[in-house]
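Observations on chain architecture
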Amino acid sequence: MTELERLIAQLAQRGRDVERVEDGAVLAGHSAQLALFAEGDEAGEGVMVRAHLDLDLYVDEEALADVMLGVNLLNQSLDFGSLTLDPLESDEDERLMFSVLGRTTLLLSDLGENEIARLERHLQRFETEVSNAVERSLSGSPHMEA
């Protein structure tokens, strides 16, 4: 059983709505879904869990410089994660767009009860922090679409 499969089993045992998808899992958060990825730490110190929060925000290339500045400023105030811009695949006729994602990583010493509880608290804080930061920053930018 892989670390991801063990993580999914532990979360499901705790009553969480979690589903395996491709190379990760989807966990129902409080107001959004989190994509989870887990693998053994290269140093052998535990399990590395990465989470991605799709914010359903898209930025066109014309505003990329301004948005990157804003993302950098927002990242300075985040304690549990960071915001990143991921390019979206586009057709030849479409303009280049970027998706805004929240990302976090947590090293767990194991997948025991205490560490899973710590992961759940971390993910809740991460989701709340990123969502609140983005909501505060959206003041009608014409270059962002939700």
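Shown above is the structure to which this text applies.
Throughout what follows, the structure given in this document is the object of discussion. (Residues numbered from 1 in each chain as written. Predicted model: local features only at pLDDT ≥ 70, side-chain atom pairs only at ≥ 80, totals over all residues. Heavy atoms only, no water.)

Some points on the pattern of salt bridges
Counting across every chain of the model gives seven salt bridges. The salt bridge partner of D86 is R103, with a shortest N-O separation of 2.5 Å. Separated by 17 residues along the polypeptide, D86 in strand β5 (residues 82–87) and R103 in strand β6 (residues 97–108) bring together distant segments of the chain. On the accessibility criterion, R103 (26% relative accessible area) is partly exposed. E115 serves as the salt-bridge partner of R118, at 3.0 Å between the closest nitrogen and oxygen. One end of the pair, R118, and the other, E115, are both in helix α3 (residues 113–137), three residues apart, so they sit about a helical turn from each other. (Salt bridge = Lys/Arg side-chain N within 4 Å of Asp/Glu carboxyl O. Helix = DSSP H or I, 4+ residues; strand = E, 2+ residues; numbered from the N terminus. Buried < 20%, exposed > 50% of the residue type's maximum accessible area, 1.4 Å probe, protein only.)

Some points on the packing of helix α1 (residues 3–13) against α3
Packing of α1 against α3 brings their axes to within 11 Å, and their N-to-C directions diverge by 80°. It follows from the interaxial angle that α1 and α3 lie roughly perpendicular. Two secondary-structure elements touch here, α1 through L7, Q10 and L11 and α3 through I116, L119 and E120. Taken together, the residues of the contact of α1 with α3 break down into four nonpolar, one polar and one charged. (Axes fitted to C-alpha atoms, helices over the stretch in contact; angles between N-to-C directions. Parallel < 35°, antiparallel > 145°, perpendicular 65-115°, else oblique. Contact = heavy atoms within 4.5 Å. Nonpolar A, V, L, I, M, F, W, Y, C, P; charged D, E, K, R; others polar.)

Concerning the nonpolar core
Counting 35 residues, the largest nonpolar core has L7, L36, V49, L55, L83 and V130 as the members making the most contacts within it. Listing elements by their share of this core, those giving two or more residues are α1, β2 (24–28), β3 (33–40), β4 (47–60), α2 (64–77), β6 and α3. Not counting residues up to four positions away in its chain, the partners in contact with L83 are L55, V71, L74, N75, L78, V100, L101, G102, V130 and V134. (Core = buried A, V, L, I, M, F, W, Y, C linked by side-chain atoms within 4.5 Å.)

Notes on unusual backbone geometry
Of note in this structure, E22 is not a glycine but carries a positive phi near 40°. Mapped onto the secondary structure, E22 falls in the loop between β1 (18–21) and β2. For D56, which is not glycine, the phi torsion reads 55° and is therefore positive. Within the fold, D56 resides in strand β4. The class of D56 is partly exposed, set by a relative accessible area of 42%.

Considerations on α2
In an α-helix, one full turn covers 3.6 residues, which means residues spaced three or four apart are oriented alike. Over its 14 residues, α2 runs 20 Å from end to end, which matches the ideal 20 Å to within 8%, given 1.5 Å per residue. Along α2, the residues that are buried comprise V67, V71 and L74. Within α2, the buried residues cover an arc of 65° as seen down the axis, which keeps them to one side. Exposed residues on α2 whose side chains face more than 90 degrees from its buried face are A65, D66, L69, L73 and Q76. Next to the buried residues of α2 lie β4, β5 and α3. (Expected span 1.5 Å × (residues − 1). Arc of directions from axis to C-beta.)

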